[in-house]
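# Summary of structural features
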2 protein chains.
Amino acid sequence: MIYDCAIIGAGPAGLSAAVNLAQTNRSVIVFTTKEEDSSIYRAPEVNNYLGFFGVSGKELLQSFYDHAAKYNIEIVRKKVINFYKSENIFTINANNEFYEAYSVILAIGTPKKTLLENEAEFVGRGISYCAVCDGMLYKGRVIAVVGESAEAEEEAEYLSELAKKLYYIPLYKKDEFHFKDNVEVVLSRPKGVHGEDFVNAVELEDRILNVDGIFIIRKTMPADQLIYGLEFTEEGYIKVDKNMQTSIEGLFAAGDVVGRPYQVAKAVGEGQIAGLSASTYVKRIKEADKKD
Amino acid sequence: MIYDCAIIGAGPAGLSAAVNLAQTNRSVIVFTTKEEDSSIYRAPEVNNYLGFFGVSGKELLQSFYDHAAKYNIEIVRKKVINFYKSENIFTINANNEFYEAYSVILAIGTPKKTLLENEAEFVGRGISYCAVCDGMLYKGRVIAVVGESAEAEEEAEYLSELAKKLYYIPLYKKDEFHFKDNVEVVLSRPKGVHGEDFVNAVELEDRILNVDGIFIIRKTMPADQLIYGLEFTEEGYIKVDKNMQTSIEGLFAAGDVVGRPYQVAKAVGEGQIAGLSASTYVKRIKEADKKD
């Protein structure tokens, strides 16, 4: 099935877009890693989203999920690795499973940069963001896994069954790690990538480790790695017009990823605009397809 | 007292701005004619404002008023006739009572044009929007009153006590009118203004009435008559930047008046941005004032 719209992110912007698309009778799929990943989830109290007063971020988010449930909106707990557009159809890679949609809305929260110096130039040449997608390429080899949060440990475990040797580099604090014997936990900040055609080492603050590949496991992919050709503002936000359309036709963005203030009402409002714009866009291209 | 912000309009955009200003500890005054004037009030059901499902527009608006009440926000039921800025202070004329504020937010709903051809060029020269403001100027004279809704009848009654003769021209349907003997109800569409230095007649579809002045009584003033120097887009919306600031520093706008879609979430989001921008602006000019 080709969805009318695939929404990446299930925070206030993503769910608002979803509800507005559903109300205009469009089919929607929403991708999210975990609802706890939305920054609103940790807010002790939210008082400035009109109509709600004295609620916790968690409660507010629950009301948003409840609203989406009224429309039976499909929410898939998978991380989107990347996606591309070909002949009016977007193909989305969510943890190595593939979905198709006529339009996409990026609602992935505060913009994240790539982590390592020259990381971007080695993507697909030794830098990977997805264990299940690329793990097999490193069977019997030496790899480093950079984990943004404890959830990355699961992917590291999977990779340790394939790799000869695995350096696990956590970006978070934790006292004890439980890995197989071929895993070495390295507590040093990663800084850059060495290599020529292909990655051959990762540079840390205090040493250089020779590796055949580097997996960077984050909660959300940096927007500039999700799709080729996306334009950004000078401040690093996704560039959108007043209909929330990005530099790529059929691709919209809303919420923190397009700019400040990082606030619920602003995100919900932009999500609505993105959802309605995507709805109008999909109607137009479907009608054009019929004429062909 | 000088308010930190005066908000004109108490629909979703205006109340969202108010709540966000109150939360950042700014003093706020909100002007509205009646809550029934918000277009949302008449919506039988609203399903696409995230967090609320299956509510009537009236119920949703009530939740918004309840939220504003938590912050004890002052809501004044008076129509703003116009306002001006002088040395960082805005002075607001609300039915001939005057208020001062460091910033203003326009949240007056879908943009309205002036009604009559060449109306704008006779403002202050025979065209008036406010009975109590200008009534005395027409004592013993002949005037026309154009009423957008039944609420205008009260102002016409007041004016009929001053005028020698009053033509009442309703823009709405009603079977019976009860006025003093010097009032003639004229059921013909007004089209234009005649005059040289000053108004001398109003042109209707089927006749021309010689008058000394024309009162146009609307629920909301057209934005281009509220303040001098406001810039508009080609489509007739108030021009704003991404912080919702208009062409006049310290004056912000949000909601339907700045563009489509005419939707609650979009208005609430923009109201939040306008409120937070006004809050930042007021902080800055108050600090600058202290230094002087």
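Structure shown above.
Figured I'd write up the structure that's included with this text. What you see as residue numbers is a count from 1 along each chain, following the sequence as written. Each chain takes a letter, starting from A, and each ligand takes a number, starting from 1, following the order in which they are written. Since the coordinates come from a predicted model, pLDDT governs what is reported: local features require at least 70, and pairs of side-chain atoms require 80 or more to be given and counted, while whole-chain, interface and lining totals use all residues. Side-chain numbers here rest on the full set of heavy atoms in the structure, without hydrogens or water.

## A short note on the overall build of chain A
Counting secondary structure elements, chain A contains six helices and 15 strands. Between the two quantities, the radius of gyration covers C-alpha atoms and the globule rule is 2.2 Å times the number of residues to the power 0.38. Computed over the C-alpha atoms, the radius of gyration of chain A is 20 Å, within 12% of the 19 Å expected from 2.2 N^0.38 for a compact globule of 292 residues. The dimensions of chain A, computed from C-alpha atoms along their principal axes, are 55 × 55 × 35 Å. Residues count as neighbours in contact if any of their non-hydrogen atoms are within 4.5 Å of one another. Considering only contacts within chain A whose residues lie at least 6 apart along the sequence, 55% involve residues at least 24 apart. For chain A, the exposed surface amounts to about 13300 Å²; the carbon and sulfur share of it is 45%. Under the scheme used here, helices are H or I runs from DSSP no shorter than 4 residues and strands are E runs no shorter than 2 residues, and both carry numbers assigned from the N terminus. A 1.4 Å probe and the Shrake-Rupley method give the accessible areas. Residues count as covered only by the protein chains that appear here.

## What to know about the environment of Glu155(B)
Residue and element names in this part refer to chain B. Structurally, Glu155 is set in helix H4 (residues 152–160). Each residue gets one of three labels from its accessible area relative to the maximum for its type: buried under 20%, exposed over 50%, partly exposed in between, using a 1.4 Å probe on protein chains only. Judged by relative accessible area, which is 17%, Glu155 ranks as buried. Counting along the chain gives 112 residues from Glu155 to Ala267, while the straight-line C-alpha distance between them is 31 Å.

## Regarding the interface of chain B and chain A
If you look at the interface, chain B gives 28 residues, while chain A gives 28 residues. A 1.4 Å probe defines the accessible area here, and the buried area is the portion of it lost by two parts on being joined, summed over both. Interface area, chain B with chain A, both sides summed: about 2500 Å², of which 66% is carbon and sulfur. Basic side-chain nitrogens of Lys or Arg form a salt bridge, by our definition, when they fall within 4 Å of a carboxyl oxygen of Asp or Glu. If you look at where chain B meets chain A, you find zero salt bridges. In protein, a polar contact requires one atom able to donate a hydrogen and another able to accept it; more generally it is a pair of N or O atoms within 3.5 Å, and residues adjacent in sequence count only if both atoms are side-chain atoms. Across the chain B-chain A interface, the total number found is 18 residue pairs in polar contact (both at pLDDT 80 or more). Going through the elements one at a time, helix H1 (12–23), helix H2 (57–70) and helix H6 (264–291) of chain B are the ones with two or more residues in the side of chain B that touches chain A. Of all the elements, H6(B) adds the most residues to the side of chain B that touches chain A, at eight residues. Put simply, Ala, Val, Leu, Ile, Met, Phe, Trp, Tyr, Cys and Pro go in the nonpolar bin, Asp, Glu, Lys and Arg in the charged bin, and everything else, Gly too, in the polar bin. Taken together, the residues that form the side of chain B that touches chain A break down as 15 nonpolar, eleven polar and two charged.

## Side note on the packing of helix H1 (residues 12–23) of chain A against helix H6 (residues 264–291) of chain A
Residue and element names in this part refer to chain A. Where H1 contacts H6, the two axes come as close as 7 Å, and the packing angle between them is 40 degrees. You can see that H1 and H6 cross each other, and the crossing is right-handed. When H1 is examined against H6, the residues Pro12, Ala13, Ser16, Ala17, Asn20 and Leu21 are found in contact with a partner set consisting of Val264, Ala267, Val268, Gly271, Gln272, Gly275, Leu276, Ala278 and Ser279. Structural elements are reduced to axes, namely lines fitted to C-alpha atoms, with helices fitted over the stretch in contact, and the angle between N-to-C directions of any two is expressed from 0 to 180 degrees. Take the far helix as your reference; a near helix turned counterclockwise from it by less than a right angle gives a left-handed crossing, and one turned clockwise gives a right-handed crossing.

## Describing the relation of the copies chain B and chain A
In this comparison the copies share one frame, found by least squares on the C-alpha atoms of residues holding pLDDT of at least 70 in both. You can overlay chain B on chain A at an RMSD of 0.1 Å; the transform is a turn of 180 degrees with a shift of 0.1 Å along its axis. Seen this way, the second copy is the image of the first under a two-fold rotation axis. Residue Gly269(B), judged by its C-alpha, is the member of chain B lying nearest the rotation axis, at 2.3 Å. Of the residues that chain B buries at the interface, 100% are likewise interface residues in chain A, meaning the two copies contact each other through the same surface.

## Brief notes about H4(B)
Residues and elements named next belong to chain B. The complete set of buried residues in H4 reads Ala152, Glu153, Glu155, Ala156, Leu159 and Ser160. One side of H4 carries all its buried residues, which in axial view fall inside an arc of 160 degrees. Taken together, the buried residues of H4 touch helix H3 (131–134), strand E8 (142–147), strand E9 (165–170), strand E10 (183–185) and strand E14 (213–217). This arc describes the spread of directions from the helix axis toward the C-beta atoms.

## Section: the pairing of strand E5 (residues 89–94) of chain A
All names here are of chain A. For E5, the buried fraction is high: six of the six residues fall into the buried class. Residues of E5 alternate between two faces, with Ile89, Thr91 and Asn93 on one and Phe90, Ile92 and Ala94 on the opposite face, all of them buried. Note: two strands are recorded as paired if DSSP finds a minimum of 2 bridges between them. Sheet topology places strand E4 (residues 80–86) next to E5; six bridges connect them, and they run antiparallel. Note that in E5 the partner of Phe83 across the bridge is Ile92.

## Looking at the pattern of salt bridges
Residues and elements named next belong to chain A. Per the stated rule, a full pass over the model turns up 22 salt bridges over all chains. When the shortest N-O distance is used, the salt bridge between Asp206 and Arg207 registers 3.2 Å. The partner of Lys283 in a salt bridge is Glu287, with the nearest N and O atoms 3.5 Å apart. Of this pair, Lys283 and Glu287 both sit in helix H6, four residues apart, which is roughly one turn of that helix. Among the residues examined, Glu287 registers a relative accessible area of 38% and is labelled partly exposed.

So far we have only geometry, and geometry alone does not tell us how the molecule works.
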